[in-house]
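# An overview of the molecular structure
Chain by chain, the residues:
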Amino acid sequence: MSEILEKLFECVEFGKINAASPYPPQLRGQDGASEYTQKALAEGFSPAEIMDTALIPAMTKVGQKFSENKIFVPQMLLSAKAMNAALVYIKPYFSSGEIRRKGTFIMGTVNGDLHDIGKNLVCMMVEGAGWDVIDLGVDVGPEKFVESVRQHPDAYVGLSALLTTTMPNMKTIIDAVRAVSPSTRFIVGGAPVSADFAASIGADAYADNPQQDVEALDRFLQERA
Amino acid sequence: MDAAFRKYEFPIAEVLPTVDQLSDFLHLDDEQHPAWQFIIDKLEEIRGLDLKAVGGYRIYPVGQLDVKAGTLAFAEGMLAPRPQVCGYLRESEFAALFLCTAGFYFTEESHAYNDRDEILESYLIDAMGSSTVENAMNRIQEMLSRDMEQQGLHISNRYSPGYCNWPLADQKNLFALIGDQPTPVRLGESCLMTPIKSVSGIIGIGSQMKKREYGCAICENKTCTYRRILSRSRTQAG
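If you're wondering where the values come from, they're calculated on a predicted model, not measured in any experiment.

Each value, and the rule that gives it
Residues numbered from 1 in each chain as written. Chains lettered and ligands numbered in written order. Predicted model: local features only at pLDDT ≥ 70, side-chain atom pairs only at ≥ 80, totals over all residues. Pairing = 2+ DSSP bridges. Helix = DSSP H or I, 4+ residues; strand = E, 2+ residues; numbered from the N terminus. Axes fitted to C-alpha atoms, helices over the stretch in contact; angles between N-to-C directions. Contact = placed C-beta atoms within 7 Å. Core = buried A, V, L, I, M, F, W, Y, C linked by C-beta atoms within 7 Å. Buried ≥ 20, exposed ≤ 12 C-beta atoms within 10 Å, placed from the backbone. Domains from an automatic or database assignment. Nonpolar A, V, L, I, M, F, W, Y, C, P; charged D, E, K, R; others polar. Parallel < 35°, antiparallel > 145°, perpendicular 65-115°, else oblique.

## Notes on the sheet that holds strand β3 (residues 64–66) of chain B
Residue and element names in this part refer to chain B. Strand order across the open sheet formed by three strands is β3-β4-β5, with antiparallel pairing between neighbours. Each having just a single partner strand, β3 and β5 (77–79) make up the two edges of the open sheet. Across the sheet, the mean angle separating the axes of adjacent strands is 15° when strand polarity is ignored. Of the strands in this sheet, β4 (71–74) and β5 touch helix α7 (residues 171–178), which is tilted by about 140° from β5.

## Digging into the nonpolar core
With 129 residues, the main nonpolar core has L8(A), V12(A), A33(A), L55(A) and A95(B) as its most contacted residues. The two domains that each donate at least three residues to this core are domain 1 (3–96) and domain 2 (104–224) of chain A.

## A word on the interface of chain A and chain B
Counting residues at the interface gives 24 residues for chain A, matched by 27 residues for chain B. Where the side of chain A that touches chain B is concerned, the elements lending two or more residues are α4 (73–90) and α6 (117–128) of chain A. Element by element, the count of residues in the side of chain A that touches chain B is highest for α4(A), at seven residues. Tallied by class, residues from the side of chain A that touches chain B come to 13 nonpolar, eight polar and three charged.

## Let's talk about the packing of helix α1 (residues 3–14) of chain A against α4(A)
Residue and element names in this part refer to chain A. At a closest axis distance of 6 Å, the pairing of α1 and α4 adopts a crossing angle of 140°. Comparing the axis directions of α1 and α4 gives the class oblique. Contacts from L8, C11, V12 and E13 of α1 reach α4 at S79, A82, M83 and A86. Per-class residue counts for the contact of α1 with α4 are six nonpolar, one polar and one charged.

## So, the domain arrangement of chain A
All names here are of chain A. Structurally, chain A comprises domain 1 (3–96) and domain 2 (104–224). With 11 residues of domain 1 in contact, the opposing surface of domain 2 contributes 11 residues. Those elements that provide at least two residues to the side of domain 1 that touches domain 2 are α3 (47–67) and α4. The residue makeup of the side of domain 1 that touches domain 2, split by class, is seven nonpolar, four polar and no charged.

Here it is in structure tokens:
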């Protein structure tokens with residue numbers, strides 16, 4: 001990997017947002033993700049190369065470290081901030097088609113449930129892994145998921161629930177979506193959810209941390225190919 | 001024992017977490033991390049706001065406690081916390097049914113930051129709300145303990161629906177027993193309390209009551225994030 005992309009990788013991994021950011025101490029006084037992304041583009045690296053070589057692998061490493069309890073949410077979110085600082089310069093190439101996204105991921109917290117922290121973390125990590133993310137928000141019922149899947153028929157769907165009382169709504173949503181789109185695949189997660197429960201309601205994967213969402217989506221993609 | 005709802009109010013500054021308490025909760029051990037300074041500044045800002053944490057309890061005599069069946073009967077109704085929690089409440093002669101809230105501020109402020117894509121700050125404020133309501137409930141529990149000790153009674157730790165295998169759906173029975181009360185805490189159809197930063201549950205009271213372990217030490221939720229953090233702490237300590 002070129003030095004500039006290596007630096008960008010390091011900035012995202014450790015949460016160095018821009019040159020003015022004093023954190024992390026070992027990178028103080030140096031450029032951050034914002035400047036390195038601009039420099040990489042100026043030096044002729046394609047936006048796709050920047051994404052695939054630096055940004056996505058850096059966020060993958062962050063997700064792995066989080067899933068292994070080597071870092072915690074504040075560190076992960078700082079990395080996401082650095083990633084977002086880089087994406088400011090990359091996102092215009094999403095719409096132009098110069099960067100192909102891996103696919104679309106529709107995510108929401110199920111009806112009756114207003115918890116959003118876990119959902120937000122998943123959205124952030126999945127977007128950082130190269131997916132278009134449609135965040136439907138919290139307290140989302142079957143109709144909204146069905147409507148979103150109709151608009152994005154190739155999308156995968158993520159469901160979050162933090163309450164044992166709202167977990168059953170996951171099955172209602174899966175059944176409603178499958179009634180109009182039988183091949184749609186689902187990932188479910190949230191504190192009270194288990195792999196056994198996921199299997200029992202017909203979900204295709206269970207994720208107990210955001211990195212497992214990313215891994216499941218990549219697996220779906222390989223299986224589709 | 002008076003069955004009236006005993007209400008407590010705390011100025012928010014009295015029950016906000018300390019920086020150390022919050023950094024422990026978040027496993028934030030690097031004082032140079034930007035979250036650290038944000039926490040210091042935000043706690044200072046919140047201390048200056050006219051906000052209150054509100055909570056309280058209603059005490060009922062325990063009619064029958066069936067550990068095997070996992071039920072707790074009162075003259076006014078029944079709870080089904082399951083055998084584990086009922087075991088911890090075995091010596092209860094009375095039970096304090098409590099609720100407490102840090103109010104709407106933390107969730108609204110967290111959402112406002114999230115809407116501006118300030119995701120780290122949003123998360124930190126959410127955590128501040130969680131710690132605040134637990135601190136407020138700690139204060140209520142301490143005052144309950146003091147009151148009961150004066151009558152020769154001891155209290156248990158506190159237990160909540162959704163934890164230690166106590167079904168969250170039983171929260172409806174808990175709220176029915178608590179009845180009308182002067183706090184802003186309300187229960188939704190899915191048993192989600194609003195404001196979100198609220199807690200509810202039961203504390204056993206009795207002359208022979210013993211305080212047993214609480215929280216992660218007795219919870220069997222294998223997938224809980226806090227359990228993963230606890231495991232890591234134990235590994236590091238070991």
